[in-house]
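Here are the chains, one letter per residue:
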Amino acid sequence: MLPGSGIPEPEDLDEEEEVAEEDLWFLPGPDPDEDVPPGAAPEPRPQSGTLFDPAPWRAAEAALARELAEVAGLFGALDQRLRLAPDGWRQRLALREVSDLSWWTGDRLGQERIALWVTLRIGSTQDTERALARAGWAMRRLASGPAPRPTPGGELASFLDRSPGSMDQGQPDTAIEDPLADLAEVWICGQALHPITAAARLFHAWRALGPAGAVDLEAAVLAARHAASMVRGAGQGALFLPLAQTGADALRGQGAPEAKFAAWLRGAERATLAALLHLDRVAAWRSRAQDSVADLSGRTPPALIALFEAWPQVSAPMAEAETGVSRPAVQRNLDLLVQRGLIREITGQGRYRIWAARV
């Protein structure tokens, strides 16, 4: 017997004596890979689930059905409003969204800088060149063009302006080999989800799957465009679901899918409501402006009014380029609109001035 243990040594046991299993606690347990009876197949190992299993998101969708319906209803109202509005209104909302997203990503670009870059390709510095390029991409994707589709070798790569197979260059062997293919897998296996739910899932998936650097903006734009597919005749009204026009709460969800989805719905609801209220103010300003310039002849005042509907902030070079009117005529009519209380100069400078509509 081993001293002080109460466990008999092998020589203390009779050949026919058996030891209870509970007395063999000191021995290792069976190895599932080796201790298999002869002729028996080993038990199957658990299979890894699909990336971003849609089941928890379906459960979150069911738990938050009322909140989801409220966001869908607001977006339907926004879609209907934009179906009857000038095309410039979509551009205006896209600019507001991209500017707010840039503050979330850390680029911190104002609307006037993005507008100058998109229209005239000016205003870039060495520090902001990449940030403005990302903002220009986001503007193009939110203001026009087809919605993304889950085809990693074609439309999805084109939407993201990324080449398939080029995203893993320089990555270690353990890195994800084809992030676009994995994103397409996440997308396809979640097609039964409501578009708003699927958009939230895609947003968090691309942030996790995408290559390091600059994927946050891509994830937000991708998700915002996909969520807009919920409406009948997608692409005719609202092209994206607003997410950041009252802050980035929708994009900061953490934890389980239900917690992430709840934050997504709260943020989207506030952002969509803010977009609707902003369009109400733009519509009221448009009516007031048209009445105010009804006594003026020429095409420049109506052209400037349409320009201020499409862009929250306008410079003289931008107005000249967009309307095709000479600089002196543009400046003269801008001063006239200021005098009539329709626009205001917001820089307080003698040069490089910017005007905004008094919405």
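Residues numbered from 1 in each chain as written. Predicted model: local features only at pLDDT ≥ 70, side-chain atom pairs only at ≥ 80, totals over all residues. Heavy atoms only, no water.

### Comments concerning the packing of helix H5 (residues 129-143) against helix H9 (residues 215-227)
With their axes 10 Å apart at the nearest point, H5 and H9 run at an angle of 5° to one another. Judged by the angle between their axes, H5 and H9 are roughly parallel. Along the contact surface, H5 presents Arg 134, Ala 135, Trp 137, Ala 138, Arg 141 and Leu 142, while H9 presents Leu 217, Glu 218, Val 221, Ala 224 and Arg 225. A breakdown of the residues in the contact of H5 with H9 according to their chemical character gives seven nonpolar, no polar and four charged. (Axes fitted to C-alpha atoms, helices over the stretch in contact; angles between N-to-C directions. Helix = DSSP H or I, 4+ residues; strand = E, 2+ residues; numbered from the N terminus. Parallel < 35°, antiparallel > 145°, perpendicular 65-115°, else oblique. Contact = heavy atoms within 4.5 Å. Nonpolar A, V, L, I, M, F, W, Y, C, P; charged D, E, K, R; others polar.)

### Quick word on the side chain of Gln 245
Tracing the sequence through the fold places Gln 245 in the loop between H9 and helix H10 (257-292). Within the local environment of Gln 245, its side chain forms a polar contact with the side chain of Arg 96, the two groups lying 3.3 Å apart. In terms of polar contacts, Gln 245 uses its side chain to reach the side chain of Glu 97, at 3.2 Å. Dropping the residues within four chain positions of it, Gln 245 is found in contact with Leu 93, Arg 96, Glu 97, Asp 100, Phe 240, Ala 271, Ala 274 and Ala 275. (Polar contact = N/O pair within 3.5 Å; in protein donor to acceptor, adjacent residues only side chain to side chain.)

### Remarks on the pattern of salt bridges
Inspection of the entire model under this criterion finds 15 salt bridges. Between Asp 161 and Arg 140 there is a salt bridge; the shortest N-O distance is 3.8 Å. Separated by 21 residues along the polypeptide, Asp 161 in the loop between helix H6 (155-159) and helix H7 (179-188) and Arg 140 in helix H5 bring together distant segments of the chain. For Arg 162, the salt bridge identified is with Glu 218, shortest N-O distance 3.1 Å. Of this pair, Arg 162 sits in the loop between H6 and H7 while Glu 218 sits in helix H9, placing them 56 residues apart in sequence. Residue classification places Glu 218 among the buried positions, given a relative accessible area of 9%. One network of salt bridges, in which partners are shared, links Arg 66, Glu 67 and Glu 70. (Salt bridge = Lys/Arg side-chain N within 4 Å of Asp/Glu carboxyl O. Buried < 20%, exposed > 50% of the residue type's maximum accessible area, 1.4 Å probe, protein only.)

### Points about the sheet that holds strand S3 (residues 354-357)
Backbone-to-backbone hydrogen bonds pair the strands of a sheet. The strands run either parallel or antiparallel. With antiparallel pairing, three strands are arranged side by side in an open sheet as S1-S3-S2. For this open sheet the edge positions go to strand S1 (313-315) and strand S2 (343-345), each flanked by a neighbour on one side alone. Taken pair by pair, the neighbouring strands of this sheet meet at an average axis angle of 30°, ignoring direction. Here three bridges tie S2 to S3, and the two strands are oriented antiparallel to one another. (Pairing = 2+ DSSP bridges.)

### A word on the confidence of the model for the protein
Per-residue pLDDT for the protein has a mean of 85; in total, 81% of the residues score no lower than 70. Low confidence marks residues 168-176, where pLDDT is under 50. Its contacts with residues over four positions away, or in another chain, come to four contacts. (pLDDT = per-residue confidence, 0-100.)

### Section: the side chain of His 226
Examined against the element boundaries, His 226 turns out to sit in helix H9. If near-sequence neighbours (up to four positions away) are discounted, His 226 is found in contact with Trp 187, Pro 195, Ala 198, Ala 199 and Leu 202.

### So, the nonpolar core
Of all hydrophobic cores here, the largest spans 97 residues; its most connected members are Leu 78, Leu 251, Phe 261, Trp 264 and Trp 311. Among the elements that make up this core, the one with the highest residue count is H10 (11 residues). (Core = buried A, V, L, I, M, F, W, Y, C linked by side-chain atoms within 4.5 Å.)

### A few points about helix H12 (residues 316-323)
Along H12, the residues that are buried comprise Ala 316, Met 318, Ala 319 and Thr 323. Taken down its axis, H12 places every buried residue within 160° of arc, on the same side. Looking at the buried positions of H12, the neighbouring elements they touch are helix H4 (111-120), helix H11 (300-310), S1, helix H13 (327-339) and S3. Trailing H12 by a residue or two, Gly 324 shows a phi angle of about 75°, which is positive. (Arc of directions from axis to C-beta.)

### A look at the packing of aromatic side chains
Evaluation of the coordinates by the stated rule reveals five aromatic pairs. A centroid spacing of 5.4 Å and a plane angle of 45° characterise the contact between Phe 203 and Trp 264, whose relative ring orientation is tilted. Residue Phe 203 is found in helix H8 (residues 195-209), and its partner Trp 264 is found in helix H10; the two are separated by 61 residues along the sequence. Judged by its relative accessible area of 0%, Trp 264 falls in the buried class. Three or more aromatic residues link up through ring pairs in this structure, and these residues are Trp 104, Phe 203 and Trp 264. A cation over an aromatic ring shows up here: Arg 121 above the ring of Trp 117, its NZ or CZ 5.2 Å from the ring centre. (Phe/Tyr/Trp six-rings, centres within 6.5 Å; stacked < 30°, edge-to-face > 60°. Lys NZ or Arg CZ within 6 Å of the ring centre and 35° of its normal.)

### A look at the environment of Leu 334
Topologically, Leu 334 is positioned in helix H13. Given a relative accessible area of 0%, Leu 334 falls into the buried group. Separated by 34 residues in the primary sequence, Leu 334 and Thr 300 have C-alpha atoms spaced 9.6 Å apart. Beyond its immediate chain neighbours, meaning those up to four positions away, Leu 334 contacts Leu 304, Phe 308, Ala 316, Ile 343 and Trp 355.

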